[in-house]
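Here are the chains, one letter per residue:
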Amino acid sequence: NLSFHLTDMNNKNLSNQQIITKINNLEQILQTNQYGIAYLEYMPVNNQTITVNASHPETTSYNYSTQSILIPVEKINTTLNISKSDEIVYVNKTFNITVELLDVDKNGVKDANITLTIKNTTDTLQTYNNLTGENGKLIYPVTVNSNDTITVEAKYANESTVYKDASATLEFDVEYEQLNT
């Protein structure tokens, strides 16, 4: 949110006055409240420096005035969480890997391209790319054919002008299932 404070030369708040704002060529007319303040909700759409211009038109009591400010907009931090559906993973049994991409407010980031790389101790077993769903989650079924230590790497690459990169790693052992005889 942006706030605009309008005062006269004696620093007295000017209530019920117009402020004309222009942000990257988008113009809006605001009205000051009893404290001489007007608010504007603005959501940047990418990481760039935005120019905010505010002006007060000339009236019978006040001269025209204007002011500008440059505001650098940073990418939004993200967190990538990775988990497996089964506490113990067995050879030749399918389990799910769940990856969740969250923004700084813990909201899921939808339509984010995630790369999953599944490796054992010597080789890359699978590489998988797909988009997160509405809730920021991606679920991928996996079956491992040998007992080994598995490493799953999840990466969200910098294809967005809004969100920062993120990555996470999960390591676990795959065991043979014990059969009761």
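(A) Up close: the sheet that holds strand S7 (residues 78-84). Within the open sheet, the three strands sit side by side as S7-S9-S12. Their pairing is antiparallel. Two strands close off the open sheet at either side, each with one partner strand: S7 and strand S12 (137-142). Between one strand axis and the next, the sheet turns by 15° as a mean value, whatever way the strands run. The pairing of strand S9 (residues 95-103) with S12 spans six bridges and is classified as antiparallel. Across the sheet, the residue bridging to Asn96 is Pro141, located in S12.

(B) Inspection of the pattern of salt bridges at higher detail. Summed over all chains, the structure comprises three salt bridges. For Glu177, the salt bridge goes to Lys93, with nearest N and O atoms at 3.4 Å. Of this pair, Glu177 sits in the segment after strand S14 (166-175) while Lys93 is found in the loop between strand S8 (89-90) and S9, placing the two residues 84 residues apart along the sequence. Its salt-bridge partner being Glu153, residue Lys119 comes within 3.6 Å of it at the nearest N-O pair. One end of the pair, Lys119, is in strand S10 (residues 113-119); the other, Glu153, is in strand S13 (residues 149-156), with 34 residues separating them in the sequence. Given the relative accessible area of 28%, Lys119 is considered partly exposed. We classify Glu153 as partly exposed; its relative accessible area is 22%.

Reading the values: the criteria
The written sequence of each chain sets the order in which its residues are numbered from 1. It should be noted that, the model being predicted, local features are given only for residues of pLDDT at least 70 and side-chain atom pairs only at 80 or more, the latter also being counted only at that level, while totals for whole chains, interfaces and linings use all residues. Working from all heavy atoms in the structure, the side-chain values ignore hydrogens and water. Paired strands, as defined in this entry, are two strands with at least two bridges between them according to DSSP. A helix here means a DSSP run of H or I that spans at least four residues, while a strand means a run of E at least two residues long, and both kinds are numbered starting from the N terminus. To obtain an axis, a line is fitted to C-alpha atoms, over the contacting stretch when the element is a helix, and the angle between two such axes runs from 0 to 180 degrees between their N-to-C directions. When a carboxyl oxygen of Asp or Glu is within 4 Å of a side-chain nitrogen of Lys or Arg, the pair counts as a salt bridge. Relative accessibility under 20% of the residue-type maximum defines a buried residue, over 50% an exposed one, and the middle range a partly exposed one, all with a 1.4 Å probe and only protein chains included.

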